[in-house]
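# Structural characterization, general
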Amino acid sequence: MKKIDIVVPCYNEQEVLHAFYTEAARVLDPISHYSFRFLFVDDGSHDNTIVILKELAAAHDNVKYLSFSRNFGKEAAMYAGLKYSSADYVIVMDADLQHPPAMIPDMLAGIEEGYDCCAAMRVSREGESRIRSFFSQTFYKLSNRMTDIRMPQNAVDFRIMSRNMVNSILSLSEVERFSKGIFTWVGFSTKWIPYENVERTLGTTKWSFWGLFKYAVGGITSFSIAPLRLVSGMGFVIFLFACLYILATLIQTLLFGVDVPGYVTTLCAVLFLGGIVELSVGIIGEYVAHIYMEAKDRPIFILRQTNLSTQEEESAHGNDTDPVC
Ligand code: UDP
Ligand code: MG
């Protein structure tokens, strides 16, 4: 019987975990030709998430949990879940029931058709604030223009992946992870399953506007050097204009002598060039920050406790060097 691990990142999700487990079990219990195991990742929650996970684990053999020493972020939680998974297929989904477990049978059908990955795609963004939708759409447009990978606009982090694909994802060792890009970058055949956006009814979203902005900038700069090219392009164009302007000023001075007025031109040029320089330094700084974080090579997460057996933990460390494909 094929095994499936369900990785669920959880950060302060005490209100939803029981509801999540009940709904997931309702959908999965009738499916007898796969064996399912839950791999909850408590991402340093401050509430009773870990207590509830322990309760679930005590009541159900197929519930495993990993608990971080602090909040490392959803990306780290997903990475840890994939790293500690050992099944033939791995599902990644949110705990808040915004990723309906009822879609899992359709995803399994996709896998049985021969796809390596079957992923959910929102057809509507109902319930999401207009401003968040606008920025999200702008991000996808910008990112798809600037990077070589094409990220589908409404894709969410709810998907089932083959072992091959999971191993490929783990082989990308970057510390600052942007899974939406990584999922696309590793390739593999993906079937998209559309679904209507579901509003969160329990608990609250963990994203702030600033958090999403940083995530978006990190995403683009992780997968594209187009902003750096933009800086060189701007520099070149400004250089050409400067040459023309110098030539014109020289000719004017030689023919008509020195013309004292020029306050506005000087001020505009200084402010404009100052702005461009600041912007360019900022863009280059983003890349330097990436290099800095990657060079430190700190662990992506630190585990505080788990109910996985020592053997299962050790095999997860083997995942670091798993041959891909
Ligand atoms: N999450 C996490 N660590 C974080 C933030 C979020 O593990 O630092 C989890 C969270 O518990 C949930 C999923 O990631 O299961 C999605 O989070 P959320 O619902 O806040 O995001 P949204 O649906 O608003 O994009
Ligand atoms: Mg959510």
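Residues numbered from 1 in each chain as written. Chains lettered and ligands numbered in written order. Predicted model: local features only at pLDDT ≥ 70, side-chain atom pairs only at ≥ 80, totals over all residues. Heavy atoms only, no water.

With that settled, consider the environment of Arg163. Of note, Arg163 is situated in helix α6 (residues 163-171). When the C-alpha atoms of Arg163 and Tyr89 are compared, they prove to be 5.5 Å apart, with 74 residues separating the residues in sequence. Of the polar contacts made by the side chain of Arg163, one reaches the backbone oxygen of Ala87; its length is 3.0 Å. (Helix = DSSP H or I, 4+ residues; strand = E, 2+ residues; numbered from the N terminus. Polar contact = N/O pair within 3.5 Å; in protein donor to acceptor, adjacent residues only side chain to side chain.)

This paragraph deals with the pattern of salt bridges. Per the stated rule, a full pass over the model turns up six salt bridges. A salt bridge links Lys74 to Asp94; the nearest nitrogen and oxygen atoms lie 2.9 Å apart. Remark: Asp94 occurs in the loop between β4 (89-92) and α4 (104-112) and Lys74 occurs in helix α3 (residues 74-84); sequence separation between them is 20 residues. Lys180 is paired through a salt bridge with Asp157; the nearest N and O atoms lie 3.4 Å apart. Here Lys180, found in helix α7 (residues 179-185), pairs with Asp157, found in strand β6 (residues 155-162); they are 23 residues apart in sequence, far enough to count as distant. Classification of Lys180 as buried rests on a relative accessible area of 19%. A relative accessible area of 6% means that Asp157 is categorised as buried. (Salt bridge = Lys/Arg side-chain N within 4 Å of Asp/Glu carboxyl O. Buried < 20%, exposed > 50% of the residue type's maximum accessible area, 1.4 Å probe, protein only.)

All right, on to unusual backbone geometry then. Within the chain, Asn12 stands out as a residue other than glycine whose phi angle is a positive 55°. With respect to the helices and strands, the residue Asn12 is situated in the loop between β1 (2-10) and α1 (17-28).

Looking at ligand 1, there are 17 residues lining it, with Glu13, Asp43, Asp96, Thr205 and Lys206 nearest. Residue Asp96 places a side-chain N or O atom 2.6 Å away from an oxygen atom belonging to ligand 1. For ligand 1, the protein covers 89% of the area, taking 530 Å² as the surface of the free molecule. Of the residues that constitute the shell around ligand 1, the class distribution is five nonpolar, four polar and eight charged. (Near = heavy atom within 4 Å. Areas by Shrake-Rupley, 256 points an atom, 1.4 Å probe, with all protein chains shown as cover. Nonpolar A, V, L, I, M, F, W, Y, C, P; charged D, E, K, R; others polar.)

Look at helix α9 (residues 226-256) against helix α10 (residues 263-296): their axes get within 9 Å of each other, and the N-to-C directions meet at 160°. The angle between α9 and α10 falls in the class roughly antiparallel. Where α9 crosses over α10, the handedness of that crossing is left-handed. Contacts between α9 and α10 pair Ala226, Pro227, Leu228, Val231, Met234, Ile238 and Tyr245 from the former with Thr265, Phe272, Leu273, Ile276, Leu279, Ser280, Ile283, Ile284 and Tyr287 from the latter. Taken together, the residues that form the contact of α9 with α10 break down as 14 nonpolar, two polar and no charged. (Axes fitted to C-alpha atoms, helices over the stretch in contact; angles between N-to-C directions. Parallel < 35°, antiparallel > 145°, perpendicular 65-115°, else oblique. Left-handed = near helix turned anticlockwise from the far one by under 90°. Contact = heavy atoms within 4.5 Å.)

We now examine the coordination of the magnesium ion (ligand 2). The coordination sphere of the magnesium ion (ligand 2), as far as protein atoms go, consists of Asp96 (OD) and Gln98 (OE1), spread over 1.9 Å. Residue class for Gln98 comes out partly exposed when judged on its relative accessible area of 22%. (Donors = N, O, S within 2.8 Å, 3.2 Å for Na, K, Ca; no water.)

This part is about the sheet that holds strand β7 (residues 190-195). Pairing is mixed in the open sheet, where eight strands are placed in the order β7-β5-β6-β4-β1-β2-β3-β8. Edge positions in the sheet fall to β7 and β8 (303-306), since each has one partner strand and no second. On average, each strand axis in the sheet is inclined to that of its neighbour by 20°, with strand direction left out of account. Note: strand β3 (residues 63-68) against β8, three bridges, orientation antiparallel. (Pairing = 2+ DSSP bridges.)

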